[in-house]
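Chain by chain, the residues run as shown.
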There are 2 protein chains.
Amino acid sequence: MDALSTRFSNDMAHVEALLSQNVTSGIALIPDLSHYLLDAGGKRIRPLLTLACASLVGYEGTLHYPLAAAVECIHTATLLHDDVVDQAEERRGKASARLVWGNSANVLVGDFLFSRAFQLMVETKTLKVLEILARASSRIAEGEVLQLLSLKNLTITEEHYFNIIERKTAELFAAACEVTGYLAQAPQDTCDHLRRLGLHLGLAFQLQDDLLDYTATSDALGKSIAKDFLEGKVTWPWLMLYQRVSPSEQTWMQSLMDNEDQRPIALPLIIAMMHQHHLFAQMHDLVIHHTQAAQDALNHLGGPQDVRNAFGDILQSLAHRRH
Amino acid sequence: MDALSTRFSNDMAHVEALLSQNVTSGIALIPDLSHYLLDAGGKRIRPLLTLACASLVGYEGTLHYPLAAAVECIHTATLLHDDVVDQAEERRGKASARLVWGNSANVLVGDFLFSRAFQLMVETKTLKVLEILARASSRIAEGEVLQLLSLKNLTITEEHYFNIIERKTAELFAAACEVTGYLAQAPQDTCDHLRRLGLHLGLAFQLQDDLLDYTATSDALGKSIAKDFLEGKVTWPWLMLYQRVSPSEQTWMQSLMDNEDQRPIALPLIIAMMHQHHLFAQMHDLVIHHTQAAQDALNHLGGPQDVRNAFGDILQSLAHRRH
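Keep in mind that what you see is a predicted model, and the values were worked out from it rather than measured. (Residues numbered from 1 in each chain as written. Chains lettered and ligands numbered in written order. Predicted model: local features only at pLDDT ≥ 70, side-chain atom pairs only at ≥ 80, totals over all residues.)

Scanning chain A for helices and strands turns up 17 helices and 2 strands. Relative to a compact globule of 323 residues, whose C-alpha radius of gyration would be 20 Å, chain A shows 20 Å and is just as compact. Projected onto its principal axes, the C-alpha coordinates of chain A cover approximately 60 × 45 × 35 Å. Put simply, chain A has 323 residues, and 50% of those count as buried. (Helix = DSSP H or I, 4+ residues; strand = E, 2+ residues; numbered from the N terminus. Rg over C-alpha atoms; globule rule 2.2 N^0.38 Å. Buried ≥ 20, exposed ≤ 12 C-beta atoms within 10 Å, placed from the backbone.)

This is how it looks when you write it as structure tokens:
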């Protein structure tokens, strides 16, 4: 994202200012907890997408700033609630906010940020923006519920896995891009291409994230290897492995889901089996597939060449990211 | 609320249908959990206020239905999150949803309902409606945070207590009334009177609720007497008592906040002391004050006489409610 980050650093300063303004409250806990997470070095991918897509569609106003801030507020709210659901102890390399302020504060400050997101959206005075982001929020919540229900469930289908990642990740990427089309009153097919761009970028991003969880080393990713697996979170490689092994191996894999303590011991064998079944290579092909679909959407859009190039670079680096 | 309930039963059927439609999801847990709470006999006070106020301002369209449903969705979402924060075991006379489905499901289904509320609001195509309800939602979240921070704190001021109840309860009552003015494109002063009506009704309602917690018998209220006190929740009578007793009695009161087990034993004495300081009578005067302020707002509004009478009856019965 570095190229986009540099290209839109001035615009992002406006967004950061709006974020700061919108987490202020007479109750100090609210800005304290919000800034703890907002200032912890998140990559601001989603608001950057909003800024960049606004540029692609030639939007010349200033309402993309509150819109980008709204998108980041929604994202931050979902992180706070996710951490309660996952009982997360770490987020962005430090103790999770819920460990510092407690689960209740995480839930309520999440609600506050979510409400503030809608207040920011109202500033755009564009009902279609509110419609899309409200719908995205419902779908994100559905994705989170689906993920909760699928925890440790090895019999879910590949389609089910894609349903989860589309909702919990790609939906907000898609909405963050799509809304700029309506803001700029662009033609419907432009809005559709923007949505496709965000959707496939989001899917590629999440697939790559789930792949790297198994293949990246701890140092490069800044988190422990196979964190998803160790927490009993079922992602694509684990699902696919389960579908390809013998019934006795399936029983063993199920026992690993039931016995947390056994997982670290089994990890090297699991990874070797995944390699043996070429799952990482196949998953990498899926990443490529979605970066290409995103590139195709990008090819249907106009906009400044340097922004288009920066988007292309993101897609390229996603396809080749190794850590 | 019986008179209003009867008067608007046809309209409420539309709202109930919208509520059912909007909690549907491909993920069964979402409608299951939502209906568990929605069908548990809530009084639908807030959507009734929306329907009744739409009538007061002579609104003749159908957009007050999604609006009323949105208001109930926001309320239901806050109840789900409240129960996680309070670790509530009971809600509307049965086991709380979080005991049945877990805290995580409560948080996520709350998020879903909150998002659906905004989708319903978008249907009104009235930005002012979204502005008011998004702002109300922020203020509700702030009220909940404030209440969380004030738990067991006996040194909070009366003003602080009113700040909490205004945000956590009266704000949504106020917004539920106010938005109908904008929907009907009524003059600004009408919108302001609607807001005052809801605000003071909400304050009277919450004050009465906090009063009855101490004075009602278990049978009449359908919940254990002095539940707030037993849970260490500081409300008006407890605050006022603390301000009026001697330092040694204050120390004893503080020790009750720190020792849950001591509270049931101390309860009869606490209630006797509250009587002795005329706190229940004074709190009743506060209820009257706010029902009168609501009546004053009502007097500035027009609308069908039977609806105005029904409102008047609610204010009267609030002022005299004993259980």
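Glancing now at the environment of B:Ala134. On the secondary structure map, B:Ala134 appears in helix 8 (residues 127-150). Using a count of 24 C-beta atoms within 10 Å as the deciding quantity, one classes B:Ala134 as buried. Distance from B:Ala134 to B:Phe118, taken between C-alpha atoms, is 8.4 Å for residues 16 residues apart in sequence. Discounting chain neighbours no more than four positions away, the residues touching B:Ala134 are A:Ser115, A:Phe118, A:Gln119 and A:Val122. (Contact = placed C-beta atoms within 7 Å.)

Glancing now at the interface of chain A and chain B. The interface of chain A with chain B comprises 35 residues on the first partner and 35 residues on the second. Elements represented by at least two residues in the side of chain A that touches chain B include exactly helix 3 (29-38), helix 5 (64-86), helix 7 (103-122) and helix 8 (127-150) of chain A. Split by residue class, the side of chain A that touches chain B holds 21 nonpolar, 7 polar and 7 charged. (Nonpolar A, V, L, I, M, F, W, Y, C, P; charged D, E, K, R; others polar.)

Our focus in this paragraph is the relation of the copies chain A and chain B. Between chain A and chain B, the superposition needs a rotation of 180 degrees and an axial shift of 0.0 Å, giving an RMSD of 0.0 Å. What we have between these two chains is a two-fold relation. A symmetric contact is evident, with 100% of the interface residues of chain A recurring at the interface of chain B. (Least-squares fit on C-alpha atoms with pLDDT ≥ 70 in both.)

Attention shifts here to the packing of helix 13 (residues 236-244) of chain A against helix 16 (residues 279-299) of chain A. When two helices pack together, their arrangement is given by the angle between the helix axes and the distance between those axes. Residue and element names in this part refer to chain A. Interhelical geometry of helix 13 versus helix 16 gives an angle of 125 degrees and a closest axis separation of 10 Å. Relative to helix 16, the element helix 13 is oriented oblique. Relative to helix 16, the crossing made by helix 13 is right-handed. Taking contact as the criterion, the partners of Trp236, Pro237, Met240 and Leu241 in helix 13 are, on helix 16, Leu279, Phe280 and Met283. Of the residues assigned to the contact of helix 13 with helix 16, the class counts are 7 nonpolar, no polar and no charged. (Axes fitted to C-alpha atoms, helices over the stretch in contact; angles between N-to-C directions. Parallel < 35°, antiparallel > 145°, perpendicular 65-115°, else oblique. Left-handed = near helix turned anticlockwise from the far one by under 90°.)

All right, on to the nonpolar core then. In this structure, A:Leu133 and B:Leu133 are the most contacted members of the largest nonpolar core, which totals 207 residues. Every residue in contact with A:Leu133, bar those within four places of it in the chain, is listed here: A:Ala70, A:Ile74, A:Met121, A:Ala175 and A:Val179. (Core = buried A, V, L, I, M, F, W, Y, C linked by C-beta atoms within 7 Å.)

A word on the packing of helix 5 of chain A against helix 8 of chain A. Residue and element names in this part refer to chain A. At a minimum axis separation of 12 Å, helix 5 and helix 8 run at an interaxial angle of 15 degrees. By the angle between their directions, the pair helix 5 and helix 8 is classed as roughly parallel. As helix 5 runs across helix 8, the sense of the crossing is right-handed. Contact with helix 5, carried on its side by Leu67, Ala70, Ile74, Thr78, Asp82 and Val85, involves Val129, Leu133, Ser137, Ile140, Glu144 and Leu148 of helix 8 and no other residues of that element.

Turning our attention to the environment of B:Ile156. Residue and element names in this part refer to chain B. By the secondary structure assignment, Ile156 is in the loop between helix 8 and helix 9 (158-183). Residues Ile156 and Gln243, spaced 87 residues apart in sequence, show a C-alpha to C-alpha distance of 9.9 Å. Discounting chain neighbours no more than four positions away, the residues touching Ile156 are Ser150, Tyr161, Val234 and Leu239.

Of note, A:Gln185 is a non-glycine position whose phi angle comes to about 50 degrees, a positive value. Tracing the backbone through its elements, the reader meets A:Gln185 in the loop between helix 9 (158-183) and helix 10 (188-215). The phi torsion at B:Arg92 lies on the positive side, around 50 degrees, for a residue other than glycine. You can see B:Arg92 is positioned in the loop between strand 1 (90-91) and strand 2 (94-95).

What follows covers helix 10 of chain A. Taking 1.5 Å per residue, 28 residues should reach 40 Å; helix 10 of chain A reaches 40 Å between its end C-alpha atoms and fits that length. Burial analysis of helix 10 of chain A places 22 of its 28 residues in the buried class, the great majority of the element. (Expected span 1.5 Å × (residues − 1).)

Glancing now at helix 2 (residues 9-22) of chain A. Structural remark: α-helix, 3.6 residues per turn; residues separated by three or four positions point the same way. Residues and elements named next belong to chain A. The end-to-end C-alpha separation of helix 2 is 20 Å, in line with the 20 Å expected for 14 residues at 1.5 Å each. Residues of helix 2 that are buried: Asp11, Met12, Val15, Leu18, Leu19 and Asn22. Looking straight down helix 2, one finds that the buried residues subtend no more than 115 degrees of arc, so they occupy a single side. What points out from helix 2, more than 90 degrees from its buried face, is the exposed set Ser9, Asn10, Ala13, Ala17 and Gln21. In this fold, the buried residues of helix 2 make contact with helix 3, helix 4 (45-56), helix 5 and helix 7. (Arc of directions from axis to C-beta.)

Residues and elements named next belong to chain B. One can find His200 in helix 10 (residues 188-215). Of the residues examined, His200 has 24 C-beta atoms within 10 Å and is grouped as buried. Spatially, the C-alpha atom of His200 lies 34 Å from that of Leu99, the residues being 101 residues apart in sequence. Once residues within four sequence positions are removed from consideration, His200 is found in contact with His290, Ala293, Ala294 and Ala297.

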